[in-house]
Amino acid sequence: MKITDLINLGKKALKMFDDYIAEKKVEPPMRVYIRHFVTDLEISETRCGWQGSSEIIQKPDWAKIVFDFMEERIKPLPEFKQLSQTIAKRYKSNINELAKGCNEETQSAFWLETFIRKLIYEKLGKGCISEDTIIEYASLFKSELELSPLEYNYKHYLEGIFLEPESIRINDNVIIRKTQKEDLEYIRDLFSDTIRPRYMYVGVPSAILEITIIAKDERECQEYINRIFNSLRLYKLCSVYPIEIIQTKRTVIWPGGLSHSWSHKSYLSFKRATIRGSEIDTFVDFINLMEQKLNFNEEDKKYRTLYISLDRYNNALLEAIDVERKLMTAVMGLESLLTFEKDRGENAFKLSMRCAKLLGFIGFDVEKVKKLIEEAYNYRNKVAHGSYISQKVRRRISEILPEILNYLRVSLIIFILCQDIGKDKIVEMIDKSMISEDAHIDLKKLLEKNIGNLMEILNK
């Protein structure tokens, strides 16, 4: 298939559509919608609120006219049929990968028809269409048939994080910014039962995270997005998660490309964080560094401990569960990093000693760390064994939970940045550093080498 064949067919179809409208003297009927918009918006560290209104609007509905045109004028064209057959023959295996179990010829005709429809709607929406746009659409059509990477755009409506600056460009693919009125506007059919945006039920998003990815599939996109979110949660103790996600896939072979999804219903902003204007450079450097370091295979035995600890950190931060289970999960995250199976029976002592020693290099009060870890481990055992938790104990757990979670956050960052050393070697160095001054110096040098200028972040 030559790309010029697609371009020529597209140009001919657009010219024929103009002639069709003039010949038939048709005008699209008007369709009635409700437009919901925001009149007042307040986004601050302490409050995210809005006031809105609605109005009835009309839009031309070209669907029936375009459908009739395609049936009457385009699908009978010899060049349309010939090009569909050529595509089906040349890209047979790829077509079956994109649409498993389909008939190659009918699927090719459907995609070719979708390509022409999109050109028509592009022209109807903007009033005109340039030759460059037609070439761009044709090139994208060919790329999709050849299973080339595509562009995916994600818009995440966030809870749990507030920005002091208007926006922060993290890299060429990622930007985080304040929520704007336009982000909360939406349109729906007058009598439709379409689900409304989730922010109307759970609250206005505190920020918007936009991510653009060139990838072969959505799985690859999701892996990158997960690394960005994990990096955000590690930068500060921050229960950031998306309330709602709008995904746009840049495609010309599929009629859709836009989809909505919503966050896990049991998520809760246990801990919110603010990104100050003074820390933009530090924030950007950290997110980019951590995203790279988190790009490991969770199934690889070498990284299994990191994955489990990170998962428990996220669960304790995000899941809408009681504080005692959050504390138990956080302590278990520390155990994954800092204890071995052979330590069973001595976990509380060894965990508190190792954690205190490690965090002491960062500037934490070692006596306080040791004492709180021992206390938290005691509560962890009570929860794990189903013991009664009094209100007094529950209040105490609520007091120390942020501290324990922060110990886990800092420990995770250290182990992630030192992942080439491996868990076993790091823990062995921690143990030796308690009895040997030389080992203490070696561990200090190792941390300084791998952590560098991130000490300030680790103390947030």
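A quick note: this is a predicted structure, and the numbers were derived from the prediction, not measured. (Residues numbered from 1 in each chain as written. Predicted model: local features only at pLDDT ≥ 70, side-chain atom pairs only at ≥ 80, totals over all residues. Heavy atoms only, no water.)

(A) Inspection of the layout of surface pockets at higher detail. For the largest pocket, the calculated volume is near 870 Å³. Forming the walls of the largest pocket are 33 residues, and the residues nearest its centre are Gln222, Ile225, Asn226, Arg227 and Asn230. For the lining of the largest pocket, the secondary structure elements donating two or more residues are strand 3 (150-159), helix 8 (218-235), strand 9 (241-249), strand 10 (258-262) and helix 10 (304-318). Here the lining of the largest pocket takes nine residues from helix 8, the largest share from any one element. For the lining of the largest pocket, the per-class residue count stands at twelve nonpolar, 14 polar and seven charged. Considered as a void within the structure, the second largest pocket measures approximately 350 Å³ in volume. Taken together, 14 residues form the lining of the second largest pocket, with Thr114, Arg117, Lys118, Tyr121 and Pro255 sitting closest to its centre. (1 Å grid on protein atoms, 1.4 Å probe; cavity = no way out; pocket = protein on both sides within 12 Å on 5 of 7 lines; lining within 4 Å. Points joined across faces, edges and corners; volume = space filled by probe spheres on them. Helix = DSSP H or I, 4+ residues; strand = E, 2+ residues; numbered from the N terminus. Nonpolar A, V, L, I, M, F, W, Y, C, P; charged D, E, K, R; others polar.)

(B) Spotlight on unusual backbone geometry. If you check the backbone angles, Lys25 has positive phi at about 55 degrees while not being a glycine. By the secondary structure assignment, Lys25 is in the loop between helix 1 (3-24) and strand 1 (30-43). By relative accessible area, which is 71% here, Lys25 ends up exposed. Positive phi outside glycine occurs at Leu147, with the angle close to 60 degrees. Mapping Leu147 onto the fold places it in the loop between helix 6 (131-145) and strand 3. Residue Leu147 is classed as partly exposed on the basis of its relative accessible area, which comes to 26%. (Buried < 20%, exposed > 50% of the residue type's maximum accessible area, 1.4 Å probe, protein only.)

(C) Representation of the environment of Thr305 in the model. In this fold, Thr305 is placed in helix 10. Put simply, Thr305 and Lys432 are 127 residues apart on the chain and 21 Å apart in space, counted from C-alpha to C-alpha. Look past the residues within four positions of Thr305 in its chain and what remains in contact with it is Ser336, Leu337 and Lys423. (Contact = heavy atoms within 4.5 Å.)

(D) Broad picture of the sheet that holds strand 5 (residues 167-171). On the basis of which strands lie adjacent, the open sheet formed by six strands has the order 5-6-8-3-9-10 and antiparallel pairing. The sheet terminates laterally at strand 5 and strand 10, the two strands that pair on one side only. Neighbour-to-neighbour, the strand axes of the sheet open up by a mean angle of 15 degrees, direction not taken into account. (Pairing = 2+ DSSP bridges. Axes fitted to C-alpha atoms, helices over the stretch in contact; angles between N-to-C directions.)

(E) Fine view of the sheet that holds strand 7 (residues 186-189). Ordered by their spatial adjacency, three strands build an open sheet running 2-1-7, and the pairing between neighbours is antiparallel. With one partner strand each, in any of the chains shown, strand 2 (48-60) and strand 7 form the two edges of the open sheet. The mean angle between the axes of side-by-side strands here comes to 25 degrees, regardless of whether they run parallel or antiparallel. Where strand 1 and strand 2 come together, 13 bridges link them in antiparallel fashion. In the strand pairing of strand 2, Ile34 is matched with Ile56.

(F) Structural context of the environment of Asn297. Tracing the backbone shows Asn297 in the loop between helix 9 (280-293) and helix 10. A relative accessible area of 48% means that Asn297 is categorised as partly exposed. Here the side chain of Asn297 touches Glu299 through a polar contact of 3.0 Å, landing on its backbone nitrogen. (Polar contact = N/O pair within 3.5 Å; in protein donor to acceptor, adjacent residues only side chain to side chain.)

(G) A look at the packing of aromatic side chains. What the rule picks out here adds up to ten aromatic pairs. Pairing Trp111 with Trp254 gives two aromatic rings, centres 5.3 Å apart and planes at 85 degrees, and the pair type is edge-to-face. Separated by 143 residues along the polypeptide, Trp111 in helix 5 (residues 104-126) and Trp254 in the loop between strand 9 and strand 10 bring together distant segments of the chain. On the accessibility criterion, Trp111 (0% relative accessible area) is buried. For the ring pair Phe296 and Tyr303, a centre distance of 4.9 Å and an interplane angle of 15 degrees mean the geometry is stacked. In this pair, the class of Phe296 matches that of Tyr303, namely buried. Joined through ring pairs, the aromatic side chains of Phe17, Tyr20, Trp62 and Phe69 make up one cluster. (Phe/Tyr/Trp six-rings, centres within 6.5 Å; stacked < 30°, edge-to-face > 60°.)

(H) Quick peek at the pattern of salt bridges. Counted by the stated rule, this structure contains 38 salt bridges. The salt bridge involving Glu146 is made with Lys142; its shortest N-O contact spans 2.6 Å. Residue Glu146 is classed as partly exposed on the basis of its relative accessible area, which comes to 35%. Asp322 is the salt-bridge partner of Arg325, the closest N and O atoms lying 3.3 Å from each other. Here the salt bridges do not stand alone but share partners, grouping Glu71, Lys75, Glu113 and Arg117 into one network. (Salt bridge = Lys/Arg side-chain N within 4 Å of Asp/Glu carboxyl O.)

(I) Up close: helix 12 (residues 347-360). The first and last C-alpha atoms of helix 12 sit 19 Å apart over 14 residues, in line with the 20 Å expected at 1.5 Å per residue. Every buried residue of helix 12 is accounted for by Asn347, Leu351, Ser352, Arg354, Cys355, Ala356, Leu358 and Leu359. Buried positions along helix 12 lie against helix 11 (323-338), helix 13 (366-384), helix 14 (391-417), helix 15 (423-433) and helix 16 (437-451). (Expected span 1.5 Å × (residues − 1).)

(J) Focus on the packing of helix 1 against helix 2 (residues 63-74). Viewed as axis vectors pointing N to C, helix 1 and helix 2 meet at an angle of 110 degrees, and their least axial separation amounts to 11 Å. With respect to each other, helix 1 and helix 2 are oriented roughly perpendicular. Read as a crossing pair, helix 1 and helix 2 show a hand that is right-handed. Packed against helix 1, whose contacting residues are Ala13, Met16, Phe17, Tyr20, Ile21, Glu23 and Lys24, the element helix 2 presents Ile65, Val66, Asp68, Phe69, Glu72, Arg73 and Ile74 at the interface. The residue inventory of the contact of helix 1 with helix 2, partitioned by class, reads nine nonpolar, no polar and five charged. (Parallel < 35°, antiparallel > 145°, perpendicular 65-115°, else oblique. Left-handed = near helix turned anticlockwise from the far one by under 90°.)

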